[in-house]
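The chain contents come next:
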Amino acid sequence: MTRPELLAPAGSLAMMRTAFAYGADAVYAGQPRYSLRVRNNDFGRIDTLAAGIAEARAAGKAFYLVSNIYPHNAKLRTYLADMEEVVALGPDALIMADPGLIMLVRERWPALPIHLSVQANTTNYAAVRFWQAAGVKRIILSRELSLDEVVEIRDACPDMELEVFVHGALCIAYSGRCLLSGYFNHRDPNQGSCTNSCRWDYRLHGAEENGAGDLLASGGPALGNPKHLGTVGTAVQGPPALGGGPRHIGGSKVWLLEEGSRPGELMPVEEDEHGTYILNSRDLRAIEHVQRLVEIGVDSLKIEGRTKSPYYVARTCQSYRRAIDDALAGRPFDPHLLGELEGLANRGYTDGFYERHHTPEHQNYLRGHSESGRSLYVGDLAGFDAARGLAEVAVKNAFGRGDRLEFVQPAGNVTLTVDRLEDADGQTIDRVPGSGHRAWLPLPAGVDPAAPCFIARFL
């Protein structure tokens, strides 16, 4: 059984170091100008990028550089010149999507490995063979594939490296080809500046059709042209029950959508037999499928989230590392890992498209274990005061005496119920209010104050 690579996101050196400490085999990072993450990205500086690649190489890890935009001509003209000093640093591969850029890189640096980005939407084995003939070393498969489809591609292309996503945000468009942010804010997702408009606060209002065929907000004026933004009439309170609500127009149900920061502006949105495509998606969590992916022979399991925190990377890498190691050792999947990932901020979890139809037992299985393991990130272990015999905590969220904490470290996690808590002056306190504060508490046995440590509070 082949040992798959655990690939983690890195928006900063701190994230990269955390990922490696908690079990990642490789990281991926990108320059803001040429990758799809402009914000929260420290690798725009060449010295930071150089340090990251050098540290990864010294640790025996891999560092992949994301260069996956679909460029307009302006960026195309500057790309090769800008990449000269970057390629000279020796990244282990470039993650790319645009055929033109791939052609230019293959001509200029033929020995540089190229991984095909998920943005290229590879969904079948013929496409894999096409890119293999073009010199691509690895294919990052589209998120819209089932496990059975991944098996078909593996069987048809046994000598191509395959990578799949197992955790992180999902896009409402087909593997990221979304125009919603560009529509609202003129910030193009495929140029790296997505504002995540799909995750904003939306409300639904009922719609009616008048004799002229115009759409009416419930009790409001006609909308006429579907692109026209109308004014709210009498809002429907919550989604109407099945069988009621909006009129069926042209064979589809029509609702009026109102975004939270644009009160009074209504956008028609249709729902057909396949659903509605403008609202938020749950986050991907496919840790229960790691064993099957290992058996299939997938080469790399990827975690999404370059704009997330080091705590996110620690939690996800630790959990998926355990799932991979258990699969390789022939141990059954540990359902507790579902609960550990539930402690991360999320919009609800789904395993995406890996399984088309869940059994009722599988649904209960997921829900039963996620409820019991929820936690909230409350701080980082910042040091140990030997004179006081207490550990210093850089606080991120409030906690206090009586709370049950989890100390998350690469070597394993330790729990502690807080019965002693002090401030900087050694005064006993009952609670520390939140971010920006420092607190001191006893260090539980088994926690190494010199190792990375994140602290979470059980809810």
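To be clear, the structure that these remarks concern was listed above.
Fair warning: this is a prediction, and the values are worked out from it, not measured in the lab. (Residues numbered from 1 in each chain as written. Predicted model: local features only at pLDDT ≥ 70, side-chain atom pairs only at ≥ 80, totals over all residues. Heavy atoms only, no water.)

Undergrad: How would you explain the overall build of the chain if you had to name every residue and give the values?
TA: Of regular secondary structure, the chain possesses 11 helices and 24 strands. Residue burial in the chain is summarised as follows: out of 459 residues, 50% are buried. Of the roughly 20500 Å² of accessible surface on the chain, 51% is carried by carbon and sulfur atoms. (Helix = DSSP H or I, 4+ residues; strand = E, 2+ residues; numbered from the N terminus. Buried < 20%, exposed > 50% of the residue type's maximum accessible area, 1.4 Å probe, protein only. Areas by Shrake-Rupley, 256 points an atom, 1.4 Å probe, with all protein chains shown as cover.)

Undergrad: Please set out the pattern of salt bridges residue by residue, giving values where relevant.
TA: A pair can form between side chains of opposite charge whenever their charged atoms are brought close. A full pass over the atoms with the stated rule returns 23 salt bridges. The partner of Asp325 in a salt bridge is Arg321, with the nearest N and O atoms 3.3 Å apart. Here Asp325 pairs with Arg321, and both are found in helix α9 (residues 310-329), just 4 residues apart, close to one helical turn. For Asp325, a relative accessible area of 31% corresponds to the partly exposed category. Here Arg321 falls in the buried class, since its relative accessible area comes to 10%. (Salt bridge = Lys/Arg side-chain N within 4 Å of Asp/Glu carboxyl O.)

Undergrad: Account for the sheet that holds strand β21 (residues 412-417), naming residues and giving values.
TA: The pairing of strands in a sheet happens through backbone hydrogen bonds and is either parallel or antiparallel. Pairing within the open sheet is antiparallel, and its 6 strands lie in the order β21-β20-β24-β17-β18-β23. Each edge of the sheet is formed by a strand with only one pairing partner; in this case those strands are β21 and β23 (438-441). Pairs of neighbouring strands in the sheet enclose a mean axial angle of 35°, with direction left out of account. For strand β17 (residues 375-385) and strand β24 (residues 454-458), the ladder comprises 5 bridges, and the chain directions are antiparallel. Pairing of Leu376 across the sheet is with Arg457, part of β24. Against the sheet, α9 engages β17, β20 (404-409), β21 and β24, with an angle of about 80° to β24. (Pairing = 2+ DSSP bridges. Axes fitted to C-alpha atoms, helices over the stretch in contact; angles between N-to-C directions. Contact = heavy atoms within 4.5 Å.)

Undergrad: Let's hear about the nonpolar core: which residues, and what values?
TA: Generally speaking, nonpolar side chains in soluble globular proteins are found buried as a group. Counting residues in hydrophobic clusters, the biggest one holds 91 residues, and the most contacted among them are Phe63, Tyr79, Ile139, Leu141, Leu293 and Cys317. A per-element tally of this core places α9 first, with 9 residues. Per-domain counts for this core show at least three residues from each of domain 1 (5-170 + 282-365) and domain 3 (375-458). Discounting chain neighbours no more than four positions away, the residues touching Tyr79 are Tyr34, Ser67, Leu94, Met96, Leu101 and Val105. (Core = buried A, V, L, I, M, F, W, Y, C linked by side-chain atoms within 4.5 Å. Domains from an automatic or database assignment.)

Undergrad: Describe unusual backbone geometry, listing the residues and the values that go with them.
TA: In this model, Asn121 sits at a positive phi of 60°, which is unusual for a non-glycine residue. Looking at where Asn121 falls in the secondary structure, it is placed in the loop between β5 (114-116) and α5 (125-133).

Undergrad: Explain the packing of helix α3 (residues 73-87) against helix α4 (residues 99-108) residue by residue, including any values.
TA: It is the contact of α3 with α4, at a shortest axis distance of 11 Å, that shows an interaxial angle of 40°. Taken together, the axes of α3 and α4 are oblique relative to one another. Two packed elements cross with a definite hand, and for α3 against α4 that hand is right-handed. Where α3 abuts α4, its residues Leu76, Tyr79, Leu80 and Glu84 lie against Leu101, Leu104, Val105 and Arg108. Each residue belonging to the contact of α3 with α4 can be placed in one class, and the counts come to 6 nonpolar, no polar and 2 charged. (Parallel < 35°, antiparallel > 145°, perpendicular 65-115°, else oblique. Left-handed = near helix turned anticlockwise from the far one by under 90°. Nonpolar A, V, L, I, M, F, W, Y, C, P; charged D, E, K, R; others polar.)

Geometry only, nothing functional implied.
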